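# A structural walkthrough
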Amino acid sequence: MNKIERYEIVVVGGGHAGCEAALAAARMGFETLMVTINKDDIARMPCNPAIGGLAKGQLVREVDALGGEMALNIDETGIQFRMLNRAKGPAVWSPRAQADKARYHERMVRVIMSEELLEVLEAEVVGIGVDSDRASGVIVRGGGRIEAQRVILALGTFPNGLMHIGEESFPGGREGEPPSCGLSDDLASLGIERGRLKTGTPARVERSSVDFSRCLEQPGDDDPSPFSFRTERIDQKQVSCYITHTNQATHDTIRSGLDRSPLYTGRISGVGPRYCPSIEDKVVRFPDRDRHQIFLEPEGIESEEIYINGLSTSLPRDVQEGMIRTVPGLEDARIVRYGYAIEYDFFPPRQIYPSLESRRIGGLYFAGQVNGTSGYEEAAAQGILAGINAGRSIKREKPILLGRAEGYAGVLVDDLVTKEIGEPYRMFTSSAEHRLLLRQDNADERLLKYAVRCRLLPKGQWERMIERRRRINRAAVRIGRERIGAADCNEILEGGGERPVQEPQSAARLLQRPRITIEMIATAMAGPLLELDRGERVALETRVKYEGYIKRQRRMADRLLRLDRMPIPEGFSYDIKALSTEAREKLERFRPVTLGQASRISGVRTSDLSIIMIFLDRMRRDGAPKGAEDARA
């Protein structure tokens, strides 16, 4: 490519972040180009062939509510669906689905190729065009230049990727693919700081060589819940996964190979995910554990490959073989692909605004693992927000900035820009202090307005959500008013193992009992309650059971929102003597854009916030940004 091409938005990378960013930009009406090294690797699943999971399932539903594609893609190509955490409260219920890896990729490629304003180019981007501190396009290997008004970097693990298997190390973005070295170096030359992280993957074994009779079968849900609010039902065939465990022989084999492990010989410098460690790391860190749980997960209906979830490793090949064959069910396993670790560059996200735009280079957006995150779902959430905000920036509209009480995606971005990323960031339900407000069943109520506003979903989708909310509200009023006779109450209570009552009770009062479900009281009622579908009944039950807690979290969220609505000017100086030394250093390092963000930076105390508020008030009264100069006196 020698001629200059022009697009409105260029997305670099075809992974889960790149797909959502490119689709969002094109669907908003912008001429968009996705640049990827290999079209055959668009939406690939190099690690676990699954979507969703604890907290991650909420992210997928939020991407869907924002108009993204991931939920629709897994609904159509999933081979096992499960709702996790059903034994706990609905605040932490999380959908998860095993994917048919090949079909997931194929469907996403079809969607991307059929998008009218989206083109795909096979090339390697080696540099960013910059004009007056703003991104003006990208430079591809061979000297070609592509001009663009906005550029989104969704590079995955490719920047200076280095793979490790035992004592072997070789360049690679993931198995079978070259790394991207020039672009990372170019960004560093532009003054963007970079760091080093690590991730890994387990071996895959041939399905026909596994003795599943020695493992515990784990089937999917009988009536699976779709991820997308636009999917009516899941009809495709489901398959089982299987559970097995390591044992002492496995651990002895691992220990025998530690002297050749790149993790323990100093050849890996990047920091790996603490909550998803390699098996050798688990054996070393938890020497008293006599076994670790392993999941055997098929990579597709027709695929012969079984993914050994929980056995991620970078041990030498011969040690991997010996280790795997000590696991019940895998004694005769034939390895199709060996596990490996990969180190890669990332760009600490304190260098971006909450819109995901670079602080140093205007018009340049970062999404996915380049921001230090791990997981397809975290990447997709960043991708769609980057695509939306890049488009809104071109139209000179304000970015979509989700609050921590609006979505897990808001928690994710806020954590990235206010916390040091020392290891790959993974979303957990515990990360969301308002998780009872951020349930998997109400993502559309929280975020659909943004999708409609950005024209990513039709207005009819909003109207259907409003009608759904009306049905739930009518049923909630009916439950609050309707009284059930003592005899009927006691029949319901007996079925739930609850103590009997002497007087009639409202249906709502019954439903607030821990072991009483919406289905138990439905038979004693008619009208609006029976008109609700399964998802609506779950939402109603959650509202009634947790009404007090939900109101409390909403009040707390409203108080925090007041801080998030107090902006801190771009050039505000924290050279204020009354601030603690740690607060000054952290505030200058992270440059929060609101007082709320400042409050969430480690080392910033309540007294520090009070001081900043005083000077912000003084600046507003004086009408000039000179408060920090007065503070130095």
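Counting restarts for each chain: residues are numbered from 1 in the order of the written sequence. Two thresholds apply to this predicted model, a pLDDT of at least 70 for residue-level local features and 80 or more for giving and counting side-chain atom pairs, whereas whole-chain, interface and lining totals are computed over all residues. Only hydrogens and water are set aside; all other atoms, that is, all heavy atoms of the structure, feed into the side-chain values.

### Considering the overall build of the chain
- What the chain contains, in helices and strands, is 22 helices and 22 strands.
- Just to be clear, the radius of gyration here is over C-alpha atoms, and the globule rule we use is 2.2 Å times residues to the power 0.38. Taking 2.2 N^0.38 as the reference for a compact globule, 633 residues should give roughly 26 Å; the C-alpha atoms of the chain span a radius of gyration of 26 Å, in line with that estimate.
- Once the C-alpha set of the chain is aligned to its principal axes, its extents read approximately 80 × 75 × 50 Å.
- Expressed as a percentage of its 633 residues, the buried residues of the chain come to 58%.
- When checking whether two residues touch, look at their non-hydrogen atoms; a contact exists if any pair is within 4.5 Å. A separation threshold of at least 6 residues defines the contact pool for the chain, and within that pool the share at least 24 residues apart is 72%.
- Accessible area of the chain: about 26,500 Å², with a carbon and sulfur share of 48%.
- Between the averaged position of the 94 positive side-chain charges in the chain and that of its 92 negative side-chain charges there is a distance of 6 Å. Here a helix means four or more residues in a row that DSSP labels H or I, a strand means two or more in a row labelled E, and each is numbered from the N terminus. Burial status follows relative accessibility: with a 1.4 Å probe on protein chains alone, a residue under 20% of its type maximum counts as buried, one over 50% as exposed, and anything between as partly exposed. All accessible-area figures derive from a Shrake-Rupley calculation using a 1.4 Å probe, and residue coverage is judged against the displayed protein chains alone. This count recognises Lys and Arg as positive and Asp and Glu as negative, with His and chain-terminal groups excluded. A charged residue contributes its charge at one atom only: NZ of Lys, CZ of Arg, CG of Asp or CD of Glu.

### Observations regarding the packing of aromatic side chains
- To pair, rings of Phe, Tyr and Trp, with the six-membered ring standing in for Trp, must have centres within 6.5 Å; the planes then decide the type, stacked if under 30 degrees apart, edge-to-face if over 60, and tilted in the middle. Scanning all chains against the criterion turns up four aromatic pairs.
- Look at F212 and Y242: their rings are 4.5 Å apart centre to centre, the planes differ by 35°, and that puts the pair in the tilted class. Of this pair, F212 sits in the loop between β13 (204-206) and β14 (216-218) while Y242 sits in strand β15 (residues 241-245), and the two are 30 residues apart along the sequence.
- Here Y546 and Y549 contribute two aromatic rings whose centre-to-centre distance is 6.4 Å and whose plane-to-plane angle is 55°, an arrangement assigned as tilted.
- Of the residues examined, Y549 reaches a relative accessible area of 48% and is grouped as partly exposed.

### Quick look at the sheet that holds β14
- Only when DSSP finds a minimum of two bridges between them are two strands counted as paired. The sheet built from six strands is open, its strands ordered β14-β15-β16-β17-β13-β18 with antiparallel pairing. Each edge of the sheet is formed by a strand with only one pairing partner; in this case those strands are β14 and β18 (335-337). Each strand axis lies, on average, 35° off the axis of its neighbour in the sheet, ignoring direction. Each axis is a line fitted through C-alpha atoms, and for a helix only the stretch in contact is used; angles between axes span 0 to 180 degrees, taken between their N-to-C directions.

### Focus on the nonpolar core
- Grouped together as the largest cluster of nonpolar side chains are 111 residues, with contacts concentrated most on L153 and L364.
- Sort the elements by how many residues they give to this core and helix α9 (residues 376-394) lands first, with ten residues.
- Membership of the second largest hydrophobic core comes to 23 residues, among which are A476, I484, L532 and L540. Take the buried Ala, Val, Leu, Ile, Met, Phe, Trp, Tyr and Cys residues and link them wherever side-chain atoms come within 4.5 Å; each set so joined is a nonpolar core.

### Describing the sheet that holds strand β5 (residues 94-99)
- On the basis of which strands lie adjacent, the open sheet formed by three strands has the order β3-β5-β4 and antiparallel pairing. Edge positions in the sheet fall to β3 (50-52) and β4 (78-84), since each of these pairs with one other strand and no more. Within this sheet the neighbouring strands show an average axis-to-axis angle of 15°, counted without direction.
- Bridging between β3 and β5 involves three bridges; their strand directions are antiparallel. If you follow G52 over to β5, its bridge partner there is R96.
- Along the sheet, helix α3 (residues 70-77) makes contact with β3, β4 and β5, crossing β4 at roughly 115°.

### Overview of a positive patch on the surface
- Together, R552, R555, R559 and R562 line one region of the surface with positive charge.
- Checked against the element boundaries, R562 lands in helix α18 (residues 547-564). Only residues whose relative accessible area exceeds 30% and that form no salt bridge enter a patch; like-charged residues are grouped when within 9 Å of one another, and nonpolar side chains (Val, Leu, Ile, Met, Phe, Trp, Tyr) when within 5 Å. Throughout this description, the term salt bridge denotes a Lys or Arg side-chain nitrogen within 4 Å of a carboxyl oxygen of Asp or Glu.

### Considering helix α11 (residues 443-453)
- Buried within α11 we find A443, D444, R446, L447, L448, Y450 and A451.
- In this structure, the buried residues of α11 make contact with α2 (56-65) and α12 (459-481).
- Just beyond α11, the residue with positive phi is R455, at close to 60°.

### So, the side chain of T77
- Its place among the elements puts T77 in helix α3.
- A polar contact is formed between the side chain of T77 and the backbone oxygen of N73, at a distance of 2.7 Å.
- Those residues in contact with T77 that sit more than four places away from it in its chain are A99, D100, R103, Y104, R107 and Q236. Polar contacts, as counted here, are pairs of nitrogen or oxygen atoms within 3.5 Å of one another; within protein the pair requires one atom able to donate a hydrogen and one able to accept it, and residues that are adjacent in sequence qualify only if both atoms are side-chain atoms.

### Details of helix α5 (residues 182-189)
- When we look at burial in α5, the residues that qualify are L183, S184 and L187. Buried residues in α5, looked at end-on, bunch into an arc of 100°, giving them a common side.
- Check the buried side of α5 and you find it contacts β1 (5-12), β7 (125-131), β9 (145-153), β19 (340-346) and β20 (364-366). Comment: arc refers to directions from the helix axis out to C-beta atoms.

### Focus: the side chain of R44
- Along the polypeptide, R44 turns up in the loop between β2 (32-36) and β3.
- Here the side chain of R44 touches D41 through a polar contact of 3.2 Å, side chain to side chain.
- Apart from residues no more than four positions distant in its own chain, R44 is found in contact with H16, R174, E175, E177 and R337.

### Quick word on the environment of I521
- For I521, the location among the structural elements is in helix α15 (residues 518-522).
- Each C-alpha atom of the pair I521 and I9 lies 53 Å from the other, and the pair is 512 residues apart in sequence.
- Residue contacts for I521: discarding those within four places in its chain leaves I479, I492, A507, L510, L511, I516 and L529.

### Overview of the packing of helix α6 (residues 248-256) against helix α8 (residues 317-324)
- Two elements in contact, α6 and α8, have axes whose closest approach is 8 Å; the angle formed by their N-to-C orientations is 170°. Taken together, the axis directions place α6 and α8 in an arrangement best described as roughly antiparallel. Contacts from T250, T253 and I254 of α6 reach α8 at V319, G322 and M323.
- Three classes are used: nonpolar for Ala, Val, Leu, Ile, Met, Phe, Trp, Tyr, Cys and Pro, charged for Asp, Glu, Lys and Arg, and polar for all others, with Gly counted as polar. Among the residues forming the contact of α6 with α8, the class breakdown is three nonpolar, three polar and no charged. Any angle that is under 35 degrees is reported as roughly parallel, and any over 145 degrees as roughly antiparallel; angles of 65 to 115 degrees are reported as roughly perpendicular and all others as oblique.

### Structural notes on the confidence of the model for the chain
- Residue-level confidence of the predictor, termed pLDDT, takes values from 0 up to 100. For the chain, mean pLDDT is 91; residues scoring 70 or higher make up 96% of the total.
- For residues 625-633, every residue scores under 50 in pLDDT, and the model assigns this stretch 14 contacts once sequence neighbours within four places are set aside.

### Topic: the packing of α12 against helix α17 (residues 534-545)
- α17 packs onto α12 with a crossing angle of 50° between their chain directions and a minimal axis gap of 10 Å. Here α17 runs oblique to α12, going by the angle between their axes. As α12 packs across α17, the resulting crossing turns out to be right-handed. In contact with R468, R471, I472, N473, A475, A476 and I479 of α12, α17 contributes E536, A539, L540 and R543.
- Considering only residue class, the contact of α12 with α17 consists of six nonpolar, one polar and four charged. Handedness of a helix crossing follows the sense of rotation of the near helix relative to the far helix, less than a right angle counterclockwise being left-handed and clockwise being right-handed.

### Some thoughts on the pairing of β7
- Sheet analysis places β7 next to strand β8 (residues 134-140), joined by six bridges and oriented antiparallel. Opposite V125, over in β8, you have V140 as the bridge partner.
- Joining the antiparallel neighbours β7 and β8 is a turn of two residues, in which S132 adopts a positive phi near 55°.

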